[in-house]
Amino acid sequence: MIVLEWLFLTIAPCDAAEPWQLGSQDAATPIMQGITDLHHDVFFFVILILVFVSWILGRALWHFHYQKNPIPQRIVHGTTIEILRTIFPSIIPMFIAIPSFALLYSMDEVVVDPAITIKAIGHQWYRSAPLHEGD
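Residues numbered from 1 in each chain as written. Predicted model: local features only at pLDDT ≥ 70, side-chain atom pairs only at ≥ 80, totals over all residues. Heavy atoms only, no water.

## Regarding the overall build of the protein
Assigned secondary structure in the protein consists of three helices and two strands. Residues counted as buried form 3% of the 135 residues belonging to the protein. Here the analysis covers contacts within the protein between residues at least 6 apart in sequence; of these, 35% occur between residues at least 24 apart. Per element, the accessible surface of the protein, about 12,900 Å² overall, is 70% carbon and sulfur. (Helix = DSSP H or I, 4+ residues; strand = E, 2+ residues; numbered from the N terminus. Buried < 20%, exposed > 50% of the residue type's maximum accessible area, 1.4 Å probe, protein only. Contact = heavy atoms within 4.5 Å. Areas by Shrake-Rupley, 256 points an atom, 1.4 Å probe, with all protein chains shown as cover.)

## So, the pattern of salt bridges
For the structure on display, the rule yields one salt bridge. Put simply, Glu-82 and Arg-85 hold a salt bridge, and the shortest N to O gap is 2.4 Å. One end of the pair is Glu-82 and the other is Arg-85, both in helix 3 (residues 79-107) and three residues apart, which spans about a single turn. (Salt bridge = Lys/Arg side-chain N within 4 Å of Asp/Glu carboxyl O.)

## Concerning the UniProt feature "transmembrane region" (unreviewed entry) in the protein
Sequence positions flagged by UniProt for "transmembrane region" (unreviewed entry) are, in local numbering, residues 42-62 and 83-105. Between the C-alpha atoms that bound residues 42-62 the distance is 30 Å, and the span itself is 100% helix and 0% strand. Within residues 83-105, the helical portion is 100% and the strand portion 0%, while the C-alpha atoms at the span's ends are 33 Å from each other. (UniProt positions renumbered as here; feature names shortened; annotations may be inferred.)

## Quick look at a nonpolar patch on the surface
On the surface, a nonpolar cluster with roughly 640 Å² of combined accessible area is contributed by Ile-49, Phe-52, Val-53, Trp-55, Ile-56, Ile-92 and Ile-96. Of all the secondary-structure elements, those providing two or more residues to the nonpolar patch are helix 2 (30-63) and helix 3. A per-element tally of the nonpolar patch places helix 2 first, with five residues. By secondary structure assignment, the location of Ile-49 is in helix 2. By relative accessible area, Ile-49 is classed as partly exposed at 36%. (Patch = residues over 30% accessible without salt bridge, like charges linked within 9 Å, V, L, I, M, F, W, Y side chains within 5 Å.)

## Focus: the packing of helix 2 against helix 3
Where helix 2 contacts helix 3, the axes come no closer than 10 Å and their chain directions differ by 170°. On the basis of the axis angle, helix 2 is roughly antiparallel to helix 3. For the pair helix 2 and helix 3, contact is made by Ile-31, Gly-34, Ile-35, Leu-38, Val-42 and Ile-49 and by Ile-92, Ile-96, Pro-99, Ser-100, Leu-103, Ser-106 and Met-107, respectively. Taken together, the residues of the contact of helix 2 with helix 3 break down into 10 nonpolar, three polar and no charged. (Axes fitted to C-alpha atoms, helices over the stretch in contact; angles between N-to-C directions. Parallel < 35°, antiparallel > 145°, perpendicular 65-115°, else oblique. Nonpolar A, V, L, I, M, F, W, Y, C, P; charged D, E, K, R; others polar.)

## So, the confidence of the model for the protein
Fine structural detail should not be taken from predicted coordinates in areas where pLDDT scores are low. Of all residues in the protein, 76% have pLDDT values of 70 or greater, and the mean over the chain is 78. The least confident element of the protein is helix 1 (residues 2-11), whose mean pLDDT is 59; the most confident is helix 2, at 88. (pLDDT = per-residue confidence, 0-100.)

## Details of helix 3
With 29 residues, helix 3 extends 43 Å between its outermost C-alpha atoms, agreeing within 8% with the 42 Å of an ideal straight helix rising 1.5 Å per residue. Ala-97 marks where helix 3 bends most, by close to 25°; the proline Pro-99 follows one to four residues later. (Expected span 1.5 Å × (residues − 1). Bend = angle between axes of the 7 residues up to and from the residue.)

Printed below as a string of structure tokens:
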């Protein structure tokens, strides 16, 4: 019984995948922590954009029904709104790209003393990974 309790106490704090787990496992490296943080930040802004666009769509469907308002207002077909609807969506990917590229370039840094090196050979239809250094 003591062995089972010791085993449970040593394995329980370890992060492992669970059935129906929605999030990622805990990060083991700073790079993975950066990837997880970037995912959470981008996902937050995606949800904000989704809510805003859904609100605009619902408002347009409610206020610009063909029986209530057969002639749309100037805000729907104006040059200013067309410019804004073009510029704002093109700025959003730039704000996502800046931290994304910073993370991508930090992943390219060379580890001084790796624990293991795997040699992977790509063929046309399959990959192979030799087990011995001499292969």
